[in-house]
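Chain by chain, the residues:
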Amino acid sequence: MDGIYSIRFHDQRHTHASFLLAIGINPKVAAERLGMTPAMFNERYSHLLPIMQEEAVDRIEDELNKFAEKQLQAVK
């Protein structure tokens, strides 16, 4: 079985949880999909949230810049 890795079901579960957060699924929804309470989920996967916070700030900044640009165009 060259090239085939042994992956435990538990590893797939962690990958799924990480993937859900990476694509922007609400942590409460992700927790429910995994049969966890939000508190349990946050305790286990909170180390992934700082990256998500940075992405959120970038997205908010982009939207605010778009809004400001529209306001400037309206004034002209």
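Predicted, not measured: the structure shown is a model, and the values here were computed from it. (Residues numbered from 1 in each chain as written. Predicted model: local features only at pLDDT ≥ 70, side-chain atom pairs only at ≥ 80, totals over all residues. Heavy atoms only, no water.)

Caption draft 1: A negative patch on the surface, seen in detail. Residues Glu-54, Glu-55, Asp-58, Glu-61 and Asp-62 make up a contiguous surface patch of negative charge. Residue placement: Glu-61 occurs in helix α4 (residues 49-75). (Patch = residues over 30% accessible without salt bridge, like charges linked within 9 Å, V, L, I, M, F, W, Y side chains within 5 Å. Areas by Shrake-Rupley, 256 points an atom, 1.4 Å probe, with all protein chains shown as cover. Salt bridge = Lys/Arg side-chain N within 4 Å of Asp/Glu carboxyl O. Lys, Arg positive; Asp, Glu negative; His and termini not counted. Charge placed at Lys NZ, Arg CZ, Asp CG, Glu CD. Helix = DSSP H or I, 4+ residues; strand = E, 2+ residues; numbered from the N terminus.)

Caption draft 2: Spatial organisation of the environment of Asp-11. Mapping Asp-11 onto the fold places it in helix α1 (residues 9-22). Along the backbone, Asp-11 and Lys-66 are 55 residues apart, and their C-alpha atoms lie at a distance of 41 Å. Side-chain polar atoms of Asp-11 contact the side chain of Arg-8, separated by 2.7 Å. (Polar contact = N/O pair within 3.5 Å; in protein donor to acceptor, adjacent residues only side chain to side chain.)

Caption draft 3: Quick peek at the environment of Leu-34. Tracing the sequence through the fold places Leu-34 in the loop between α2 (27-33) and α3 (38-45). When its relative accessible area of 10% is taken as the criterion, Leu-34 is described as buried. When near neighbours in sequence (up to four residues on either side) are disregarded, Leu-34 contacts Arg-13, His-16, Ala-17 and Phe-41. (Buried < 20%, exposed > 50% of the residue type's maximum accessible area, 1.4 Å probe, protein only. Contact = heavy atoms within 4.5 Å.)

Caption draft 4: Looking closely at the nonpolar core. Listed in full, the ten residues of the largest apolar core are Ala-17, Leu-20, Leu-21, Ala-30, Ala-31, Leu-34, Met-36, Phe-41, Tyr-45 and Met-52. At the level of secondary structure, the elements contributing two or more residues to this core comprise α1, α2 and α3. With three residues, α1 is the largest single contributor of residues to this core. (Core = buried A, V, L, I, M, F, W, Y, C linked by side-chain atoms within 4.5 Å.)

Caption draft 5: Region of the structure containing the packing of α1 against α3. At their nearest, the axes of α1 and α3 sit 12 Å apart, and the two run at 95 degrees to each other. Between α1 and α3, the angle is such that the two are roughly perpendicular. Where α1 approaches α3, its residues Arg-13, His-14, Ala-17 and Leu-21 are matched on the opposing element by Phe-41, Arg-44 and Tyr-45. Residue classes in the contact of α1 with α3 are distributed as four nonpolar, one polar and two charged. (Axes fitted to C-alpha atoms, helices over the stretch in contact; angles between N-to-C directions. Parallel < 35°, antiparallel > 145°, perpendicular 65-115°, else oblique. Nonpolar A, V, L, I, M, F, W, Y, C, P; charged D, E, K, R; others polar.)

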